[in-house]
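If you want the building blocks of each chain, they are given just below.
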Amino acid sequence: ETKKFAGQTVTTTKVVMQSKSAAAAAKPKEKTGLDAALSAMQGPKSISTIEKSASDWDTFKDNSGALKDELEHAAKDGELKKKEFLDRCDVRAFEQERDQRQATRLKDAKK
């Protein structure tokens, strides 16, 4: 797509995942007549800084294969670290409940 950003014309690409049937149904229609004339007069649409930054980041990741692999690996590590953290939380909660039960048993045994 051609967009306008900071007074310059920028070409961006979007990657969209969709099924084959949806892809066949979503073919863009050619503009004719008045619609084509209006589109030509308006020129490219403007994009926000956030959209431009996201586009630049995606382009940079695609051009840098090593970075892409490193980011995928970091994402997997993050998931494993989160799972380990949740497991430690479960163990800690069990230990606290166990200690509470033992304290209650000791109080009951002394009475």
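First things first, this report covers the structure right here in the doc. (Residues numbered from 1 in each chain as written. Predicted model: local features only at pLDDT ≥ 70, side-chain atom pairs only at ≥ 80, totals over all residues. Heavy atoms only, no water.)

**As for the packing of aromatic side chains**
Reasoning step 1: Evaluated as defined, the whole model comprises one aromatic pair.
Reasoning step 2: For the pair Trp57 and Phe60, a centre-to-centre distance of 5.9 Å together with 25° between the ring planes defines the contact as stacked. On the criterion of helical spacing, the pair formed by Trp57 and Phe60 is a turn pair, its members being three residues apart in helix α3 (residues 49–63).
Reasoning step 3: Under the relative-accessibility criterion, Trp57 is labelled partly exposed at 40%. (Phe/Tyr/Trp six-rings, centres within 6.5 Å; stacked < 30°, edge-to-face > 60°. Helix = DSSP H or I, 4+ residues; strand = E, 2+ residues; numbered from the N terminus. Buried < 20%, exposed > 50% of the residue type's maximum accessible area, 1.4 Å probe, protein only.)

**What about the sheet that holds strand β3 (residues 45–46)?**
Reasoning step 1: Strand order in this open sheet of three strands is β2-β1-β3, and the pairing throughout is mixed. Strands at the two margins of the open sheet, each flanked by one partner only, are β2 (8–11) and β3.
Reasoning step 2: Examined bridge by bridge, strand β1 (residues 2–5) and β2 share four bridges and lie antiparallel to one another. Across the sheet, Thr2 pairs through a bridge with Thr11, a residue of β2. (Pairing = 2+ DSSP bridges.)

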